[in-house]
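# Structure assessment
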Amino acid sequence: MGRKRSNNEDGERENEEEKPIKKMKENNEGRESMRPSMIKNKEKRSAVHAKLKHQKKLDKRKKAKAREAAEKKALELGEEPPPKMVPRTIENTRELDETICRPDDEELFAGNDVDEFSAILRKERDPKILITTSRYNSTRGPAFISDLISVIPNAHYYKRGTYDLKKIVQYANEKEFSSIIVVHTNRREPDALLIIGLPDGPTAHFKLSKLMLRKDIKNHGKPTSHKPELVLTNFTTRLGHRVGRMIQSLFPQDPEFRGRRVVTFHNQRDFIFFRHHRYIFETKEGKQTESKGKKSKDAKNPQERTIARLQECGPRFTLKLISLQHGTFDTQGGEYEWVHKPEMDTSRRRFFL
């Protein structure tokens, strides 16, 4: 007679049969959760990456369609559409700064009326700029200065020679210059700008990087001699407001819009990006749209429309504030309003301008 199998034996056999199925499921889940960087084979890695990218694109499109449908439904029902999603960026999650300027800050506006730049900004005095170099100059230094002279109206270049900077400040005061710009070069490349306000300062030291001269910009435009329009953006703190007014005092306050020139200083994460453009208005021919079943006489005649675009004139560079000093240039006895120190860079979300 055969021995009857117990319930325990049957349970063990069933568990043994389920083990490979579980292993297969675990392997499949592992493959799905495996990142492309973990795959050693290059072809498989690129295939998995393309598949994930395509799936992400499909999910994004699906969410956008669902959002559009919800907005359309809300408009049909006369309800408020759902709020738009605002992406989290470093700029909108920056650390709280007490020095951010407010529209109702009376102290700030009172200080603007008596600061060093008020005479130029109220058009009581025309800006007059002296541009010079450091003692050891390079070939790209004069080329950059010639581009600066074409950007800033009423700017004059003087060779540095062996003169001390304090003597240059004294000479500029006698000749009634409003500011001095010193282009510092290192290893045959301009790497810093020193802007000195006259006659009483302040003095700002900027690090200069990512310089591209006009001749190096593809399809660059040739600017006219008209006074440019000035655009300053994102200078939100007290320090940024002061730096912005200092930059503003370099340019005339009555732009000539006929010249279609615009100079931009855009502050983003304490980096000031400089761009110089000119407006271009072009007329392009577009076909007329006609209703179905109707033929108009002027259907074949094209309709002209005006298109506006920007053409970069150059140069292009980036500035970062290193220090702001009271009064004119004085390395020994000068008092500093603000100095950048390495220990200030403790957080990516902390900005000073």
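Throughout, a residue's number is its position along its own chain's written sequence, starting from 1. This being a predicted model, a pLDDT of at least 70 is required before a residue's local features are given, and a value of 80 or more before pairs of side-chain atoms are given or counted; all residues contribute to the totals for chains, interfaces and linings. Hydrogens are left out, water is left out, and the side-chain values use all remaining heavy atoms of the structure.

## Describing the overall build of the protein chain
A helix here means a DSSP run of H or I that spans at least four residues, while a strand means a run of E at least two residues long, and both kinds are numbered starting from the N terminus. For the protein chain, the count of helices and strands is 7 helices and 11 strands. The rule is simple: take the accessible area with a 1.4 Å probe, protein chains only, and divide by the maximum for that residue type; under 20% is buried, over 50% is exposed, in between is partly exposed. For the protein chain, buried positions account for 32% of its 353 residues. Within the protein chain, contacts between residues separated by at least 24 positions form 68% of all contacts whose residues are at least 6 apart in sequence. It only takes one pair of heavy atoms within 4.5 Å for two residues to be counted as in contact.

## Concerning unusual backbone geometry
At the junction of Leu 198 and Pro 199, the peptide bond is cis and its omega measures out at 5° in the coordinates. With an omega of 0°, the peptide bond between Gly 314 and Pro 315 qualifies as cis. Relative to the helices and strands, Pro 315 resides in the loop between strand S9 (303-312) and strand S10 (316-325). The backbone of Arg 188 sits at a positive phi, close to 65°, despite the residue not being glycine. Position of Arg 188 relative to the elements: it lies in the loop between strand S3 (179-186) and strand S4 (189-197). Among the residues examined, Arg 188 registers a relative accessible area of 70% and is labelled exposed. Phi is positive for Arg 260, which is not a glycine, with a value near 55°. Following the sequence through the fold, Arg 260 ends up in the loop between helix H7 (238-248) and strand S7 (261-268). Residue Arg 260 is classed as partly exposed on the basis of its relative accessible area, which comes to 29%.

## Some remarks on the confidence of the model for the protein chain
Interpreting fine coordinate detail is not advised for predicted regions of low pLDDT. Scored from 0 to 100, pLDDT records how confident the predictor is in each individual residue. Chain-level pLDDT for the protein chain is 83 on average; 86% of the residues reach the 70-or-more range. The element-level mean pLDDT for the protein chain is lowest in helix H1 (residues 7-33), coming to 51, with strand S6 (residues 229-233) highest at 95.

## Here we look at the nonpolar core
Here, nonpolar core refers to any group of buried Ala, Val, Leu, Ile, Met, Phe, Trp, Tyr and Cys residues whose side-chain atoms link them within 4.5 Å. Among the nonpolar cores identified, the biggest contains 38 residues, and Phe 144, Phe 206 and Val 243 are the most heavily contacted of them. Core analysis: the second largest hydrophobic core is formed by 11 residues, Leu 130, Ala 172, Leu 194 and Leu 198 among them.

## Regarding the pattern of salt bridges
A pair can form between side chains of opposite charge whenever their charged atoms are brought close. Note on definitions: salt bridges are taken to be side-chain nitrogens of Lys or Arg within 4 Å of carboxyl oxygens of Asp or Glu. Tallied over the full model, the rule gives 12 salt bridges. In this structure, Glu 116 engages Arg 242 in a salt bridge whose closest nitrogen and oxygen atoms are separated by 3.0 Å. Residue Glu 116 is located in the loop between helix H3 (106-112) and helix H4 (118-121), and its partner Arg 242 is located in helix H7; the two are separated by 126 residues in the primary sequence. Ionic pairing is found between Glu 124 and Arg 122, a salt bridge with its closest N-O pair at 3.1 Å. Via salt bridges that share partners, Glu 116, Arg 242 and Glu 337 belong to a single interconnected network.

## Notes on a positive patch on the surface
On the surface, a cluster of positive charge is contributed by Lys 53, Lys 57, Arg 61 and Lys 65. On the accessibility criterion, Lys 65 (57% relative accessible area) is exposed. Patches were defined on residues exceeding 30% relative accessible area and lacking a salt bridge, with like-charge contacts within 9 Å and nonpolar side-chain contacts (Val, Leu, Ile, Met, Phe, Trp, Tyr) within 5 Å. Values of accessible area rely on a 1.4 Å probe in the Shrake-Rupley scheme; residue burial ignores everything except the protein chains shown. Positive charges come from Lys and Arg alone, negative charges from Asp and Glu alone, with His and the N- and C-terminal ends not counted. Every charge is mapped onto a representative atom, which is NZ of Lys, CZ of Arg, CG of Asp or CD of Glu.

## Side note on the environment of Pro 252
As for its placement among the helices and strands, Pro 252 is situated in the loop between H7 and S7. C-alpha separation for the pair Pro 252 and Ile 152, spaced 100 residues apart in sequence, amounts to 8.7 Å. Residue contacts for Pro 252: discarding those within four places in its chain leaves Pro 127, Pro 153 and Lys 227.

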